[in-house]
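# Structural description and commentary
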Amino acid sequence: MTTQRLPFPVPDERAHLFVDSYADMHDLVEDLVVPAGVPEAAATVLHTARELLRQSYYCYEFSTVAVSTP
């Protein structure tokens with residue numbers, strides 16, 4: 001059986017409209033903090049949205065999912 005290896009992610013060229021490097025994505029989302037007392041299910045959704053926004057450096061379309069998360 002052959003295992004198919006996925007390529008390493010390549011930055012989306014549109015990401016450079018907002019930041020210079022992936023490390024800058026951390027600064028971009030650092031203020032998006034899940035408030036204390038939020039139910040666990042909601043906290044999980046908010047955490048996932050934040051991570052999608054960070055990962056949009058590589059897959060720009062993730063940002064649309066991140067910002068449209070209720």
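Please read all numbers here as calculations on a predicted model, not as lab measurements.

Quick look at the overall build of the protein now. Assigned secondary structure in the protein consists of three helices and zero strands. Reading the secondary structure of the protein in the N-to-C direction produces α-α-α. Taken over the C-alpha trace, the protein has a radius of gyration of 14 Å; the compact-globule value for 70 residues is 11 Å, which it surpasses by more than 25%. Principal-axis analysis of the C-alpha atoms places the extent of the protein at approximately 45 × 35 × 20 Å. Within the protein, contacts between residues separated by at least 24 positions form 60% of all contacts whose residues are at least 6 apart in sequence. Total accessible area on the protein stands at roughly 5,600 Å², and carbon and sulfur atoms take up 61% of it. Across the protein, 4 positive and 10 negative side-chain charges occur, with their mean positions spaced 8 Å apart.

Attention now goes to the packing of aromatic side chains. Applying the stated criterion across every chain yields a total of four aromatic pairs. Each member of the aromatic cluster is reached from another via a ring pair, and the members are Tyr22, Tyr57 and Tyr58.

Procedures and definitions
- Residues numbered from 1 in each chain as written.
- Predicted model: local features only at pLDDT ≥ 70, side-chain atom pairs only at ≥ 80, totals over all residues.
- Heavy atoms only, no water.
- Helix = DSSP H or I, 4+ residues; strand = E, 2+ residues; numbered from the N terminus.
- Rg over C-alpha atoms; globule rule 2.2 N^0.38 Å.
- Contact = heavy atoms within 4.5 Å.
- Areas by Shrake-Rupley, 256 points an atom, 1.4 Å probe, with all protein chains shown as cover.
- Lys, Arg positive; Asp, Glu negative; His and termini not counted.
- Charge placed at Lys NZ, Arg CZ, Asp CG, Glu CD.
- Phe/Tyr/Trp six-rings, centres within 6.5 Å; stacked < 30°, edge-to-face > 60°.

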